[in-house]
Structure formats: structure tokens, C-alpha cells
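Architecture and fold: a report
Read off the chains here:
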Number of protein chains: 2
Amino acid sequence: MSVRQVRVGDVTLGGGKIAVQSMTTVKTSDVTSCVAQILRLEEAGCDIARAAVLDEEDARAFSAIREKVHIPLVADVHFSARLAVLAVENGADKLRINPGNIGGGRELSLVADCVKAHGIPVRVGANTGSIEPHFFEAYGRSAEALVSSALENVALLERKGVRDLVISVKASDVPLTVSAYELLARRTEYPLHVGVTEAGTERMGLVKSSIGIGALLVCGIGDTIRVSLTSDPVKEVYAAHDILRACGLEKDYVEVVSCPTCGRCRYDCMGLAERVNERVRGVRKRLKIAVMGCVVNGPGEAKDCDLGIAGGGEYCVIFRRGEVFERVPAAEAEERFFKRLEEWLA
Amino acid sequence: MSVRQVRVGDVTLGGGKIAVQSMTTVKTSDVTSCVAQILRLEEAGCDIARAAVLDEEDARAFSAIREKVHIPLVADVHFSARLAVLAVENGADKLRINPGNIGGGRELSLVADCVKAHGIPVRVGANTGSIEPHFFEAYGRSAEALVSSALENVALLERKGVRDLVISVKASDVPLTVSAYELLARRTEYPLHVGVTEAGTERMGLVKSSIGIGALLVCGIGDTIRVSLTSDPVKEVYAAHDILRACGLEKDYVEVVSCPTCGRCRYDCMGLAERVNERVRGVRKRLKIAVMGCVVNGPGEAKDCDLGIAGGGEYCVIFRRGEVFERVPAAEAEERFFKRLEEWLA
């Protein structure tokens, strides 16, 4: 958690609750498609959406989009102070810019004055593709280069009087991402936007983002997260929540723990675990359910679960917090377990 | 990396190379099924397989299984020193036991003498379900309780003269797993077997294992890893390799980086990234390929890639290490890119 807090619309970054971000993939000026995508992101649990501004139509579209969505919108603008200002005037709740490519000192002043006047924050940062050349020369492709580059961008905006800042230092290399954010967290008090960039396709992107973002979150680093997947952005939001849950930072959901099953398992533990997962998806209640392979280890290993089932030979057991309270024939076990589960969910 | 090294068959734990483990899910005494599963695990890249020993038939099956597979086999035995000894006599390359439930001091001596005579290592450890009661009372469900419990088991075997030990302290809670291993790594020189236990179904298991195992690996903690999924164990092996790759600990493969795509993307970047992934799966060559959404950021962000493509409007560019060397009409881009890719792979 950062020392400073920054507000993006009605979302606070740095206050302890980690905000989930994603980015639209349609042309921003296509208001209908953009709104539809943001509404889907909202429903999936997205807290802040970002949209690219490539031209005047995109910048102007912010006002129409904002009227129809319910979460804050970030304008991602490069190479043009004019477009950045136009996006803010049209209601962008935050800017993502690179002070080094916005056009020069006078242009940066225009943007700085605009965000100050509108009271909105700016995210700056570096990724391995945008390390400032002198830092790249001095430090190579390293955490030090990423952090120095990001903090130089911070200083540029601070000199223009901007204080509502959020910082990122992304790499597609996971250990580099982790070490860069660890270094950055020691050197700044601003909220951190954490993510692994160009994480890849869905599967590898999930693994890389889980490790990079998760390793930082378990150390208390990160105020807002973005999972980058080359896939439907709704999946980025699902992945972000899964990471938050796995890190113990999101609690109001039904957790299903299940053992990997081994030679001791004598019933369809995997299938049942999937069906239980299906049933509880979306339930906003804090519960922990166990689907365990064997009676020998199951109840003991799942002592901390509110409800559990473990397979035996001809009989399964249903247990609560490690205590077996029902022994049922294997053939009826699933039905009986779901009955108990419904009682808990009610 | 641990200070001590331990050999499991021809695999060294603690030597820097992280060994991938998995566990069979069929009855061990069903030799045909067990061998078939282990051969599939081998092909997927499993370095060490573990099998549960529930009865004498399972223990005796180790000799028949070992003749037909090529990776070391671990016998997972509880509640019976006799079965543990029998498994070792039948060729188990390592034992996984819990000294606390093996039957008492005399029984533990039998097991200790047996593993010393055969020169094989033992894994001991604690998980949240098997914390020794006195440590649970003293420290609750904590990293301290897990580590104290595991090290007490280590001491029990050390007192019997066993020195080839591997230790684990698993929880299904990711932050607890991470903090327990961090504590354990400071207190022991033995190789560590790292994993998140009862990680859950495929999706959440992948996220939890990625974070837990990945966060430790990027800190240099862990000598052998097990991803626990309530799913086909072959998927555990795939996940383990994905985690190792994401952590930069496995290099001989083709990495495909791709950006998440945004409003700037004007071609089927996602589809192409998937098709490139499909093509390079299994290629044991160190290459980095980029499939980027836009010409603006793509080549720069993927400077470190051996080959890349970035979409524009009517034209795409193909680049090498950030330098564009070909500009091709969008309609022909994929075909041209695959042609270049084949040249690289040849």
C-alpha cells in the first residue's frame, strides 16, 4: 500500500483496496462498441477502464462514453498534448501519458495545467521498450533503468506542479518486473500501478501475471493492477480477481479447495470439484468448501473449511471444520453434499 | 537454491536446476495404468513421479513399475513403517513420510535404517493439516507453526542418522505458503520441495501455484516444485514448466510475447499469437517471438525479440530486435511472417 492516495473518479488508489483495471480493445470513437465493452468489464468486476486516444474523434468520444458507463475512464495518449487536453476536457478521469513523447516542455505544461485544473491524476511509467536512452546506456535493461526512467518522468510532472501521480514500471520479463517494483516501492510514496506487460496469450499471460503481480501483492506492493492478456479484456478482469483472491486480498466469495487426488482417491473428486465451482461462481459470501480425495487425509487437511466432502471406498464423509458429521453411501454422496451446500448458501 | 544437495535416482535436488514433480492418480498396484500415466508424465517433462502406497500390493508394485519407466519414483507412505520399508526394498528412489504418524520411535528407526542402507532420501514436511498439535497451540495456523513442525520431523530423522532430506511446508493459503518457505529457507540447508497444497481446480490451481511457487522461485527459494491441480497430472507438469519459464529458469523454448492489444490494433493479433504459439510448442530452441498490436509501440517494446510482427492499417511490419526489415500488405502479413519464422526455426 502506498503512502499517498490518489483518486480516480470515485475510486481511491493507495487506500488498501486494490483496484482492478483493464483496457478496451475497440476504437474509442466507436462509442457504441466501446460502451458495450466497458459495461461488460464493469459486470466482470473492473474498477477502472482505460481507452486509447489516437485522434480527435477518440478524445471527443470520452464525453459520450462517460455518460453511459459507471466506472472511471483513463485516456491513454501518446505524442500529442492537444489530444491529452481534449480527452480531459471531455471527461477523462485520469491520463496515461509518457512525458518524454508528449512534444516538449511547453506541451507538457499545457497537459499539467489541464490535469491540475480538472483535479485528475496522471499515470507515468516506463516499460522495457520506453526506458530513457541515457538510463539504458547507464544501467542496461535493468530494474534500475526502469525505475530511474519512471522517476524522471515523475520529476518532469512534479516540476510542473502535478502531485496526483501513479507510477508503473512494467516488463514482459517477470523477475525484472518484480525487482523493478520492489525498487520503485522503496523510492516513492505514490500509488503503484502493477502489471506484467506483453504477458502473452491467455495461458502464459495468466501464469506470468499471476507470478509477477502476485509476488508483489503478497509483499504489500501494488495499489491497482492490470492483467495484460492478448485476449478478451473481460478475461483480464477475471484473472485480476483470481489473483486478488489467491493473495487473500479479496474475501467475499466462495473458495473451493480440492486436493490433487492420488492413488487413495476412489470417487469422481475432480468432476465434483468442478461442479461445486460452477454452482458457487458469483456468490458474494465468504465460505470455504473442500472437495477432498480421501477420508484418510481429507477432513484433517481441510480443517479450516466450512463444509467438505471426502471420498472413501463405498462411503464418503461430509464434514464441517474437520469434524465428520455424515457418512453417506458413495452413490448418494454428491446429491447429499449439494443439499448441505444449498443449506449453507441459503 | 539449497546449500546441501540430495540425489533422487539420477536427479539432483539443490544443484540449481529445479526438478519438476507430479503424482500419479491411479492405484499404484494397477501397474499397467500406473506405468502408462508415468510415461505420459515423462513425455510432458516430469523429472520425478510420486505414487501413493496404501497397501502391500502398492509397495510391491514399485519393482515392476520401475522397470518400465525412466524417471525416479517416490513412495508416499503413511501410518506404516512396514509398507515404507517394503516400497524401498522394491526400488522406491525416495520416500515421502510423516515421522509423526509412522508408528513410533522403533518404527521410525526401521525406516531410517532402510533408507540409509539403500542410500535414498526422504521428504518430510508439514502442511496446514498436519501441524504438530503443540506447535499449533503455540503459534496457531502460521508460518512459524509449519516450519517448527517440519523441522521437528527433520530432527527426528536426523537423530536416526538420516541426512538426505528434502523439506516442504505447504498450505493452500498462498501468502502463508510463501512466508513459511521464506522462513524455512532461512533456517535450513536442505533442499526445499515447493508447492501450494490443495490448490484447487485447474484454473484457480494454476493461479495459486503460479503465485506461490513463482514468488518463491524469483527469490531463489525452491529446488523441486510440484503444482497440485485437481486435474490430469500431466497438466501439473505443463503448469510447472510454464512457471519455470515465466521465472526465467527454463530457457530452451520459444517464447511468444504479445501485447494485450488496444484501440490501436488493426489486425488479428490475438489469433496470430495463438497460431504462432501452436507452431512453436515443443521446439527446444531459445527464441523470442513478438506478436504486437501496433506499429507505433510494437517494434520498440519488443526490441529484445529475435523476430516480431506488428500490425498497422493496410500494412504490417516484420522486425528483428526492434529493427523493421519488411513492410508487407496486411493481407499477406501472416503468411510472410510464418515464412520468416520457419527460416528462424530451421
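Residues numbered from 1 in each chain as written. Chains lettered and ligands numbered in written order. Predicted model: local features only at pLDDT ≥ 70, side-chain atom pairs only at ≥ 80, totals over all residues. Heavy atoms only, no water.

A count of helices and strands for chain A gives twelve helices and 15 strands. With the C-alpha coordinates of chain A rotated into their principal frame, the extents come out at 80 × 45 × 30 Å. Residues classed as buried in chain A amount to 62% of the 346 residues present. Of the contacts formed within chain A by residues at least 6 apart in sequence, a portion of 62% connects residues at least 24 apart. Summing over all exposed atoms, chain A offers an accessible surface of approximately 13000 Å²; the carbon and sulfur share of this is 49%. Across chain A, 44 positive and 47 negative side-chain charges occur, with their mean positions spaced 3 Å apart. (Helix = DSSP H or I, 4+ residues; strand = E, 2+ residues; numbered from the N terminus. Buried < 20%, exposed > 50% of the residue type's maximum accessible area, 1.4 Å probe, protein only. Contact = heavy atoms within 4.5 Å. Areas by Shrake-Rupley, 256 points an atom, 1.4 Å probe, with all protein chains shown as cover. Lys, Arg positive; Asp, Glu negative; His and termini not counted. Charge placed at Lys NZ, Arg CZ, Asp CG, Glu CD.)

Using a probe with the size of a water molecule, rolled over the atoms, empty space left in the structure can be pinpointed. For the structure on display, the rule yields one cavity of 30 Å³ or more. In this structure, the largest cavity is lined by Thr128, Ser172 and Glu198 of chain A together with Val257, Lys288, Glu301, Ala302, Asp304 and Cys305 of chain B. Its residues assigned to classes, the lining of the largest cavity shows three nonpolar, two polar and four charged. (1 Å grid on protein atoms, 1.4 Å probe; cavity = no way out; pocket = protein on both sides within 12 Å on 5 of 7 lines; lining within 4 Å. Points joined across faces, edges and corners; volume = space filled by probe spheres on them. Nonpolar A, V, L, I, M, F, W, Y, C, P; charged D, E, K, R; others polar.)

For any pair of aromatic rings, the description rests on two quantities: the centre-to-centre distance and the angle between the ring planes. Residues and elements named next belong to chain A. Applying the stated criterion across every chain yields a total of two aromatic pairs over all chains. Relative to Tyr139, the ring of Phe135 has its centre 6.2 Å away and its plane inclined at 10 degrees; by these criteria the two rings are stacked. With Phe135 and Tyr139 both in helix α5 (residues 133-139), this residue pair falls four residues apart, about one helical turn. Residue classification places Tyr139 among the partly exposed positions, given a relative accessible area of 39%. One Lys or Arg, Arg327, reaches over the ring of Tyr315 and ends 4.2 Å from the middle of that ring. (Phe/Tyr/Trp six-rings, centres within 6.5 Å; stacked < 30°, edge-to-face > 60°. Lys NZ or Arg CZ within 6 Å of the ring centre and 35° of its normal.)

Residue and element names in this part refer to chain A. The buried count for helix α3 (residues 81-89) comes to seven of nine residues, which makes it a mostly enclosed element. What α3 keeps buried is the set Ala81, Leu83, Ala84, Val85, Leu86, Ala87 and Val88. Buried residues along α3 sit against β4 (48-53), α2 (56-68), β5 (73-77), β6 (94-96) and α4 (105-118).

Glancing now at the domain arrangement of chain A. Each assigned domain of chain A is listed with its residue range as follows: domain 1 (6-246) and domain 2 (254-345). A C-alpha centroid distance of 41 Å is found between domain 1 of chain A and domain 2 of chain A. (Domains from an automatic or database assignment.)

So, on to the nonpolar core. Counting 171 residues, the largest nonpolar core has Leu95 of chain A together with Leu95 and Ile97 of chain B as the members making the most contacts within it. Excluding anything up to four places from it in sequence, Ile97 of chain B contacts Val77, Ile102, Leu108, Val111, Val122, Arg123, Val124 and Leu157 of chain B. Counting residues in hydrophobic clusters, the runner-up holds 22 residues, among them Tyr267, Leu287, Ile309 and Phe338 of chain A. (Core = buried A, V, L, I, M, F, W, Y, C linked by side-chain atoms within 4.5 Å.)

A separate point is the side chain of Ser172 of chain A. Residue placement: Ser172 of chain A occurs in the loop between β8 (165-170) and α7 (174-187). The residues touching Ser172 of chain A, leaving out its near neighbours within four places in the chain, are Thr128, Val196, Thr197, Glu198 and Lys208 of chain A together with Val257 and Lys288 of chain B.

Looking now at the interface of chain A and chain B. On the side of chain B, 69 residues touch chain A, which itself brings 69 residues to the contact. Approximately 5400 Å² of surface area, both sides summed, lies buried where chain A meets chain B, with 58% of it carried by carbon and sulfur atoms. Ionic pairing is found between Asp304 of chain A and Arg141 of chain B, a salt bridge with its closest N-O pair at 3.2 Å. Those elements giving two or more residues to the side of chain A that touches chain B turn out to be α7, α8 (202-218), α9 (233-246), β11 (254-258), α10 (269-280), β12 (287-292) and α11 (298-301) of chain A. (Buried area = accessible area lost by both parts, 1.4 Å probe. Salt bridge = Lys/Arg side-chain N within 4 Å of Asp/Glu carboxyl O.)

Moving on: the side chain of Ser149 of chain A. Topologically, Ser149 of chain A is positioned in helix α6 (residues 143-159). Excluding anything up to four places from it in sequence, Ser149 of chain A contacts Ala126, Ser130, Ile131, Glu132 and Phe135 of chain A.

Here we come to the sheet that holds strand β8 (residues 165-170) of chain B. Residues and elements named next belong to chain B. Taken in spatial order, the eight strands make up an open sheet running β8-β7-β6-β5-β4-β3-β10-β9, and their pairing is parallel. Two strands in the sheet have a free side with no partner beyond their single neighbour: β8 and β9 (193-194). Examined bridge by bridge, strand β3 (residues 19-23) and strand β4 (residues 48-53) share three bridges and lie parallel to one another. In the strand pairing of β4, Gln21 is matched with Ile48. In this fold helix α3 (residues 81-89) packs onto β4, β5 (73-77) and β6 (94-96), with an angle of close to 170 degrees to the strand it touches most, β5. Each of β3 and β10 (224-226) touches helix α9 (residues 233-246); the most contacted strand, β3, lies at about 160 degrees to it. (Pairing = 2+ DSSP bridges. Axes fitted to C-alpha atoms, helices over the stretch in contact; angles between N-to-C directions.)

Take the pattern of salt bridges next. Side-chain pairing between opposite charges can occur once the charged atoms of the two side chains come close. Residues and elements named next belong to chain B. For the structure on display, the rule yields 48 salt bridges over all chains. With a shortest N-O distance of 2.9 Å, Arg226 and Glu236 are connected by a salt bridge. In this pair, Arg226 is assigned in strand β10 and Glu236 in helix α9, connecting sequence segments ten residues apart. Overall, the relative accessible area of 1% leaves Glu236 in the buried class. Note that Arg321 and Asp306 form a salt bridge whose closest N and O atoms lie 3.0 Å from each other. Of this pair, Arg321 sits in the loop between β14 (315-320) and β15 (323-329) while Asp306 sits in the loop between α11 (298-301) and β13 (307-311); the two residues are 15 residues apart in sequence, bridging distant segments of the chain.

Attention now goes to the relation of the copies chain A and chain B. Note that the two copies of the chain are related through a rotation about an axis and a translation along the same axis. After a rotation of 180 degrees and a shift along the axis of 0.0 Å, chain A superposes on chain B with an RMSD of 0.0 Å. What we have between these two chains is a two-fold relation. Residue by residue, 100% of the interface of chain A is reproduced at the interface of chain B, so both copies engage with the same surface. (Least-squares fit on C-alpha atoms with pLDDT ≥ 70 in both.)

Mapped onto the elements of the fold, Cys269 of chain A is located in helix α10. Sequence separation between Cys269 of chain A and Arg60 of chain A is 209 residues, and the spatial gap between their C-alpha atoms is 54 Å.

Residue and element names in this part refer to chain B. Relative to β15, β14 runs antiparallel, the two sharing six bridges. Bridging across to β15, Arg320 finds its partner in Glu323. Joining the antiparallel neighbours β14 and β15 is a turn of two residues, in which Arg321 adopts a positive phi near 45 degrees.

On to the packing of helix α1 (residues 31-44) of chain B against helix α2 (residues 56-68) of chain B, then. Residues and elements named next belong to chain B. Between α1 and α2, whose axes approach to 10 Å, the crossing angle comes to 40 degrees. When the axis of α1 is compared with that of α2, the two are oblique. The hand of the α1/α2 crossing is right-handed. Every residue of α2 that contacts α1 at Val31, Cys34, Val35, Ile38 and Leu39 is listed here: Ala61, Ala64, Ile65 and Lys68. Split by residue class, the contact of α1 with α2 holds eight nonpolar, no polar and one charged. (Parallel < 35°, antiparallel > 145°, perpendicular 65-115°, else oblique. Left-handed = near helix turned anticlockwise from the far one by under 90°.)

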